[in-house]
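# Descriptive structure summary
In case you want the letters, here they are:
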Amino acid sequence: MTVSQATNRVLGVERLAPGIFVLRFERKGLKFETGQYLSLGLPGLRKEREYSIYSGEADPELSVLVKEVPSGEISPQLAKLKPGDALNVSGPFGYFLLRPTIGPGYPLLWIATGTGISPFRSFARSLPETDYVLLHGTRSLEETVLSSGFARSQTVSCVSGSPGGTYHGRVTGYLSTMELSPLTRVFLCGNCDMIYDAFDLLQAKGIPAGQIFTEVYY
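Below, the structure is looked at part by part. Treat the numbers as computed from the prediction; the structure is a model and nothing was measured. (Residues numbered from 1 in each chain as written. Predicted model: local features only at pLDDT ≥ 70, side-chain atom pairs only at ≥ 80, totals over all residues. Heavy atoms only, no water.)

Let us look at the overall build of the protein. Regarding its fold elements, the protein presents 4 helices and 12 strands. Against the 2.2 N^0.38 benchmark of 17 Å for 218 residues, the protein shows a C-alpha radius of gyration of 17 Å, consistent with a compact globule. Expressed as a percentage of its 218 residues, the buried residues of the protein come to 50%. Sequence-distant contacts, at least 24 apart, represent 64% of the contacts inside the protein between residues at least 6 apart. (Helix = DSSP H or I, 4+ residues; strand = E, 2+ residues; numbered from the N terminus. Rg over C-alpha atoms; globule rule 2.2 N^0.38 Å. Buried < 20%, exposed > 50% of the residue type's maximum accessible area, 1.4 Å probe, protein only. Contact = heavy atoms within 4.5 Å.)

So, about the nonpolar core. Within the largest apolar cluster, 21 residues are counted, with the highest numbers of intra-cluster contacts made by Trp110, Phe120, Phe150 and Phe187. Listed by contribution, the elements that provide at least two residues to this core are strand 2 (20–26), strand 7 (108–113), helix 2 (118–126) and strand 11 (185–190). When neighbours within four sequence positions are excluded, phenylalanine 150 is seen to be in contact with Trp110, Ile117, Phe120, Arg121, Ala124, Tyr132, Leu134 and Thr155. Formed by 20 residues, the second largest nonpolar core is a distinct cluster that contains Leu38, Tyr51, Val64 and Val89. (Core = buried A, V, L, I, M, F, W, Y, C linked by side-chain atoms within 4.5 Å.)

Read from one edge of the open sheet, 6 strands run 10-9-8-7-11-12, paired in parallel fashion. The open sheet terminates on both sides in strands that have one partner only, identified here as strand 10 (167–168) and strand 12 (212–216). In this sheet, strand 8 (residues 133–138) lies alongside strand 7 in parallel orientation, the contact comprising 5 bridges. If you follow leucine 109 over to strand 8, its bridge partner there is valine 133. Strand contacts of helix 4 (residues 192–204): strand 7, strand 11 and strand 12, with the helix running at about 160° to strand 11, the strand carrying the most contacts. (Pairing = 2+ DSSP bridges. Axes fitted to C-alpha atoms, helices over the stretch in contact; angles between N-to-C directions.)

Once that is clear, we can look at helix 2. Most of helix 2 sits out of view: 7 of its 9 residues are buried. Turning to helix 2, its buried residues are Ser118, Pro119, Phe120, Ser122, Phe123, Ala124 and Ser126. Looking at the buried residues of helix 2, the elements they touch are strand 4 (48–52), strand 5 (61–67), strand 7, strand 8 and strand 11.

Looking now at the pattern of salt bridges. A pair can form between side chains of opposite charge whenever their charged atoms are brought close. Inspection of every chain in the model, using the stated rule, returns 5 salt bridges. The salt bridge involving arginine 24 is made with glutamate 61; its shortest N-O contact spans 2.6 Å. With arginine 24 in strand 2 and glutamate 61 in strand 5, this residue pair connects regions lying 37 residues apart in the sequence. Look at arginine 24 and you get partly exposed, because its relative accessible area is 26%. With relative accessibility at 23%, the residue glutamate 61 sits in the partly exposed group. A salt bridge links glutamate 73 to lysine 47; the shortest N-O distance between them is 4.0 Å. Placement of the pair is glutamate 73 in the loop between strand 5 and helix 1 (75–79) and lysine 47 in the loop between strand 3 (37–41) and strand 4, with a sequence separation of 26 residues. (Salt bridge = Lys/Arg side-chain N within 4 Å of Asp/Glu carboxyl O.)

With that settled, the discussion passes to helix 4. Compared with an ideal rise of 1.5 Å per residue, which puts 13 residues at 18 Å, helix 4 spans 19 Å between its outermost C-alpha atoms and is within 8% of the ideal. Listed as buried for helix 4 are Met194, Ile195, Ala198 and Leu202. Along helix 4, the residues classed as buried sweep out an arc of 95° about the axis, all on the same side. Residues of helix 4 that are exposed and point over 90 degrees away from its buried face: Tyr196, Asp200 and Ala204. Where helix 4 begins, one side-chain oxygen reaches toward the backbone nitrogen of aspartate 193, 2.7 Å away; that side chain belongs to asparagine 191. (Expected span 1.5 Å × (residues − 1). Arc of directions from axis to C-beta. Polar contact = N/O pair within 3.5 Å; in protein donor to acceptor, adjacent residues only side chain to side chain.)

Now for the sheet that holds strand 2. Strands sit in the order 4-3-6-1-2-5 across an open sheet of 6 strands; the sheet is antiparallel. Bordering the open sheet on either side are strand 4 and strand 5, each of which pairs with just one other strand. With strand direction ignored, the average angle separating the axes of adjacent strands in the sheet is 40°.

Bridge count for strand 1 (residues 4–17) against strand 6 (residues 86–93) is 6 bridges, and the pairing is antiparallel. Each bridged residue has a counterpart across the sheet, and for alanine 6 the counterpart in strand 6 is valine 89. Alignment of strand 1 against strand 2, held across 6 bridges, turns out to be antiparallel. The residue of strand 2 that forms the bridge with alanine 17 is isoleucine 20. Taken together, strand 1 and the strand that follows it, strand 2, pair antiparallel across an intervening segment of 2 residues, in which glycine 19 is found at a positive phi of about 80°.

The structure is reproduced here in structure tokens:
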């Protein structure tokens, strides 16, 4: 797939939860495979940051899910953008791809923490008939809004820092209670500690390493 570099116009910033927002911008014909990411920067700044694509493959615009880090060099600047502002966009990049793993009899398990849910939102929008189970871990009940676009019957909200959600505790706590088919394909995205712990749990449950796909956010 061709990697492009362009200056795109911002379409809007939508706040979803404290410190978390969706940044929407022009697509300009950019083609990507669901699960890939873009590198974003601002004119005049040398720094760039990588963000998984939040939009679906058929959506007319591009979007990313951003957690604002007050001490960060990029995210606070992205949060201040207004419609019409310029945004440097490079990509797409990455191989956290869903399609090669889809097959008859292959259950799909998606596990995310925080804004690591972003590529899974793209998965669900791009391939809405996909049968999956999503485990989404957050610290607060407010952040469960990030999973509101998924099928409720296929989503488990794991809230560790306050009461609420489907399950009170970490995603790895819920994962430890699950019975999984040895054919399950598992996608992990988010906190590196979660990914390491979940990887070990999955292998203990008989899921081969070759069926576990990871994208580390932080």
